[in-house]
Each structure stands twice: as C-alpha cells, then as structure tokens.
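Take a look at the letters that make up each chain.
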Amino acid sequence: MKKISHSYNNHTLDYTIRHTADQSIWNEIFVHHEYRSVYEIVINAENPIIDVGAHVGYFTLLCRGLNDTTPIYAIQPSPENNDLLEQHIRDNKLANIMQIRSALFALSWSQHLSLDPDGIWNKIVEKNWPTTVSVPTITLHDVCAQYGIEKISLLKLDIEWS
C-alpha cells in the first residue's frame, strides 16, 4: 500500500492506493482528468451528488474537494472497498458524505456479489459461488426516499453487471 496526497481547489486530501487497479482508477481521475467534464457541475452543485460504484472514494473525494457543502452519497457494495472508502472519509475529516453499503439494483433486498481480486470488477451474480458475498441492494428511488432527496445535481454511475 502507498499513500498519496493530492491538492486541488485549495484542498489537500490523502489517498491510500492498495494495488495497480487502485492506481489505475486514481490516475483516471487525478492524472488524466477523465471527469473534467463535470467539474463545473460539481463546483456549482446545490443538490446532492450521488456516486454509484464509489469504489474506495476517489471520485467522492474529488467532489468534496471541489465543493465543500453539497451532500454526497457514496454507494458501494464491496465490503473491502467500503472499508477503505470509510477510512478515506475519516482520515481526511470530511463532512456531509453519506456512505451507503449497498449495490444499486432494481429491487431493495439482497444479492450475491462476485468479488474480483482487485476489487474493481465486482458484479451481481445469480448464484452463490465461492467468491461471492451477500450484499444488500437498494433502488435509486429508495435512496432518494430514505435520505429525503428531491433533486440530484449529479448522478455518477460506474457499475458492473453480470
């Protein structure tokens, strides 16, 4: 594991990178700026930002660095990725980020999540395999109802399906 500090918009945030898959995602966001087309939307967001498939929170932290106040909802089903997402939020002392440990799905209940060794290609599968865990699922409608969200400024989706 390695630690990286990155500054933007007068914020310096610390990130943990576990392996080459995390490094690749970090590079997409902070080196290649693949989300630059939404920077202005994030900066000017008055309504919540929802990060579906938040992984370990790199995009979530980018959004918080660009906008100090807008609520951010980070939805991530993988237990291991969620643990690092939680650590990133805690270590950077970030407020107003709600972590939702679920998979976005057509129904709110539970499903089998196939776990990829690198944690980036996890996906919902129909049957329980040796490399699966049971995870709660939630609909976008239920996320909005549960948190009182009436409007969304940005919905980012980075999810896999079987």
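Definitions and cut-offs
- Residues numbered from 1 in each chain as written.
- Predicted model: local features only at pLDDT ≥ 70, side-chain atom pairs only at ≥ 80, totals over all residues.
- Heavy atoms only, no water.
- Helix = DSSP H or I, 4+ residues; strand = E, 2+ residues; numbered from the N terminus.
- Rg over C-alpha atoms; globule rule 2.2 N^0.38 Å.
- Buried < 20%, exposed > 50% of the residue type's maximum accessible area, 1.4 Å probe, protein only.
- Contact = heavy atoms within 4.5 Å.
- Areas by Shrake-Rupley, 256 points an atom, 1.4 Å probe, with all protein chains shown as cover.
- Lys, Arg positive; Asp, Glu negative; His and termini not counted.
- Charge placed at Lys NZ, Arg CZ, Asp CG, Glu CD.
- Polar contact = N/O pair within 3.5 Å; in protein donor to acceptor, adjacent residues only side chain to side chain.
- Expected span 1.5 Å × (residues − 1).
- Arc of directions from axis to C-beta.
- Pairing = 2+ DSSP bridges.
- Axes fitted to C-alpha atoms, helices over the stretch in contact; angles between N-to-C directions.
- Disulfide = S-S within 2.5 Å.

Asks: How should I be thinking about the overall build of the chain in this particular structure?
Replies: A tally of regular secondary structure across the chain gives five helices and ten strands. Over its C-alpha trace the chain gives a radius of gyration of 15 Å, about what one expects of a compact globule, namely 15 Å for 162 residues. When its C-alpha atoms are laid out on the principal axes, the chain stretches across 45 × 40 × 25 Å. Out of the 162 residues belonging to the chain, those deemed buried represent 47%. Across the chain, every contact between residues at least 6 apart in sequence was considered, and the portion connecting residues at least 24 apart equals 62%. Per element, the accessible surface of the chain, about 8600 Å² overall, is 52% carbon and sulfur. In the chain, 12 side chains carry a positive charge and 19 a negative one; their mean positions are 3 Å apart.

Asks: Can you help me understand the side chain of Arg18 in this one?
Replies: Turning to its location among the elements, Arg18 is positioned in the loop between strand E2 (11-17) and helix H1 (20-30). A polar contact is formed between the side chain of Arg18 and the side chain of Glu80, at a distance of 3.2 Å. Looking at Arg18, its side chain comes within polar contact range of the side chain of Asn81, at 2.8 Å. Those residues in contact with Arg18, other than ones at most four positions away along the chain, are Met1, His55, Val56, Glu80, Asn81, Leu84 and Asp118.

Asks: Any chance you could explain helix H4 (residues 79-91) here in plain terms?
Replies: When the terminal C-alpha atoms of H4 are compared, their 18 Å separation across 13 residues agrees well with the 18 Å that a helix rising 1.5 Å per residue should span. Residues Asn81, Asn82, Leu84, Leu85, His88 and Ile89 constitute the buried set of H4. Along H4, the residues classed as buried sweep out an arc of 165° about the axis, all on the same side. As for H4, its buried residues are in contact with E2, H1, helix H3 (58-66), strand E4 (72-75) and strand E5 (97-100). Positive backbone phi, approximately 50°, marks Lys93, located one or two places after H4.

Asks: When you look at H3 in this model, what are you seeing that I'm missing?
Replies: An α-helix turns once per 3.6 residues; consequently, residues spaced three or four apart project the same way. With respect to burial, H3 is a largely interior element, nine of its nine residues being buried. For H3, the complete set of buried residues consists of Tyr58, Phe59, Thr60, Leu61, Leu62, Cys63, Arg64, Gly65 and Leu66.

Asks: Mind showing me how you'd approach the sheet that holds E5 here?
Replies: The pairing of strands in a sheet happens through backbone hydrogen bonds and is either parallel or antiparallel. If you walk across this open sheet you meet the four strands as E5-E4-E3-E10, and the pairing is parallel. Looking along the sheet, the strands with just one partner apiece sit at the ends: E5 and strand E10 (154-157). Each neighbouring strand pair of the sheet contributes to a mean axis angle of 10°, computed without reference to strand direction. Helix-sheet contacts for H3 involve strand E3 (49-52), E4, E5 and E10, and the interaxial angle to E4 is about 175°. Along the sheet face, H4 touches E4 and E5 and points at about 170° away from the line of E5.

Asks: Would you explain the state of the cysteines in this entry?
Replies: Linking two cysteines covalently via their sulfur atoms produces the bond known as a disulfide. The final tally for this structure, using the stated rule, is zero disulfides. For Cys63, which is in no disulfide, the shortest distance to another cysteine sulfur is to Cys144 and amounts to 16 Å. On the accessibility criterion, Cys63 (1% relative accessible area) is buried.

Asks: Honestly, unusual backbone geometry in this entry has me stumped. Any pointers?
Replies: Among all residues save glycine, negative phi is the norm, and among peptide bonds the norm is trans. The backbone of Asn10 shows a phi angle near 60°, a positive value even though the residue is not glycine. With respect to the helices, strands and loops of the structure, Asn10 is situated in the loop between strand E1 (2-8) and E2. Residue class for Asn10 comes out exposed when judged on its relative accessible area of 84%. In this structure, His33 is a non-glycine residue whose phi angle is positive, near 55°. With respect to the helices and strands, His33 occurs in the loop between H1 and helix H2 (39-44).

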